[in-house]
Amino acid sequence: MRPGKWCGLAAVVALTATACGGGGGERGAGADGAPPDRAGFPVKVADCKGTETTFTGPPRKIVTSNAAALEMLLRLGAGDRVIGTGFPPGKGTLPGDLGARAAAVPVLGTAVIPKEKLLGSGADLYIDSFAAMGGMGGAGDAPSAAEFAAAGIRHVYLASTACAATAQGPQRDLTGVESDLTRLGAVTGTAARARALVAGMRAKVDAVHKALADVPAGQRPRYFFFDFDAGTKQPMALCGKQVANAVITQAGARNVFADCDGDFKPVSWEDVVAKNPDWIQLGVRDRGSAAANAEAFDQAARFLKTFPATKDLAAVRNDRFLRIGSEPTTLPGTRTADTVEQIAHTLYPTRFKAAR
């Protein structure tokens, strides 16, 4: 049985597709280099405040705000239409040939794309992962709706991140991520591919649900996501409205900071110790190679083992660490389902042993 939808997201980012020539007749999955499917248009999508944007056909030139949006388009088969990105994926961040394809996309900003460069990019669509996070993710001056319109750029959001902080409740399942994929598939004419990606995600998560169906909620392990790269002086709590809370919950664990409001929140080490997590994920951002990642994970573990406040935690003393990167845990995309699998297999190895 699938859990209930994230009601705050569903209310503000509803997608309505009205087929001009009928709802069927999709012509392929929209692989890179293939023409996008024009069936299913016009398409209307709403932003975090409910303002609608109408697409009468698929966009031809797309700019993405960060690596998460870029990866989604690559997986949807619309990567050939991306003419620029901000926050590009680091070397080694994306698996397989996705990394090489992402590396070919022009970088318009190593962090937030400067306003003038975005407006002058020639794009007809900007996919934004920040929106309600304020001022281009708190790092720049966002164009106004009028400026986007004057530049001929339509504005669509990854709602699972952009609208998270203002949503009505926490993210407990991956329906927000699935909705992002479905929405981008409709907008870019790759709806069939989006459905296939969502189906693949659901199959993985449903297998975890089946294996853990008889584990009572109160007996599921307490789980702390240690954002090592956010700094060690003051830990950053991963709150209930962040995508990773859904990942942790679906994997059969209890995020120890699920009850804090918003997506991230600075806390104290005393707060972490009081939560007494059973498992700790070493949330390290990809360094570009397996060796560099391994060293970063080791550094995070050494800190916890030597820091006076954490060295006596049972999870630390017993090496109950998960070496899983930040990106596939905290950013929306198909890899969130892979992370659900990885966490669940680590926490409940005997339940998945027969399936290996």
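These numbers come from a predicted model, not from an experiment.

A few words now on helix H2 (residues 67-76). In an α-helix, one turn spans 3.6 residues, which is why side chains three or four residues apart end up on the same side. Along H2, nine of the ten residues are buried, which leaves the element largely enclosed by surrounding structure. When we look at burial in H2, the residues that qualify are Ala67, Ala68, Ala69, Leu70, Glu71, Met72, Leu73, Leu74 and Leu76. Immediately beyond the C-terminal end of H2, within one or two residues, lies glycine 77, with a positive phi of roughly 90°.

Let us look at the pairing of strand S5 (residues 82-86). Of all five residues making up S5, four are buried, and the element is well covered by its neighbours. With three bridges connecting them, strand S4 (residues 62-64) and S5 associate as parallel partners. Bridge assignment links isoleucine 62 to a residue of S5, and that residue is valine 82. Note that the unit made of S4, H2 and S5 has a crossover that is right-handed. Inspection of the sheet shows S5 paired to strand S6 (residues 107-109) by two bridges, in the parallel sense. Bridge pairing in S6 places threonine 85 opposite valine 107. This β-α-β element, S5 to helix H3 (residues 98-103) to S6, shows right-handed connectivity.

Now for the environment of glycine 86. Checked against the element boundaries, glycine 86 lands in strand S5. Taking the C-alpha atoms as reference points, glycine 86 and serine 65, 21 residues apart in sequence, are found 4.8 Å from one another. When near neighbours in sequence (up to four residues on either side) are disregarded, glycine 86 contacts Thr64, Ser65, Asn66, Ala67, Gly109, Ala111 and Ile113.

Applying the stated criterion across every chain yields a total of two cavities of 30 Å³ or more. Lining the second largest cavity are Val45, Ala46, Asp47, Thr51, Thr53, His155, Val156, Tyr157 and Arg183. Ranked by the residues each element gives to the lining of the second largest cavity, the list is headed by strand S8 (residues 154-157), at three residues. A per-class count over the lining of the second largest cavity returns four nonpolar, three polar and two charged.

Turning our eyes to something else, we now look at the side chain of threonine 53. With respect to the secondary-structure elements, threonine 53 resides in strand S3 (residues 52-55). Its relative accessible area of 18% is what places threonine 53 among the buried residues.

Conventions adopted
- Residues numbered from 1 in each chain as written.
- Predicted model: local features only at pLDDT ≥ 70, side-chain atom pairs only at ≥ 80, totals over all residues.
- Heavy atoms only, no water.
- Buried < 20%, exposed > 50% of the residue type's maximum accessible area, 1.4 Å probe, protein only.
- Helix = DSSP H or I, 4+ residues; strand = E, 2+ residues; numbered from the N terminus.
- Pairing = 2+ DSSP bridges.
- Right-handed = clockwise from strand over helix to strand, strands pointing away.
- Contact = heavy atoms within 4.5 Å.
- 1 Å grid on protein atoms, 1.4 Å probe; cavity = no way out; pocket = protein on both sides within 12 Å on 5 of 7 lines; lining within 4 Å.
- Points joined across faces, edges and corners; volume = space filled by probe spheres on them.
- Nonpolar A, V, L, I, M, F, W, Y, C, P; charged D, E, K, R; others polar.

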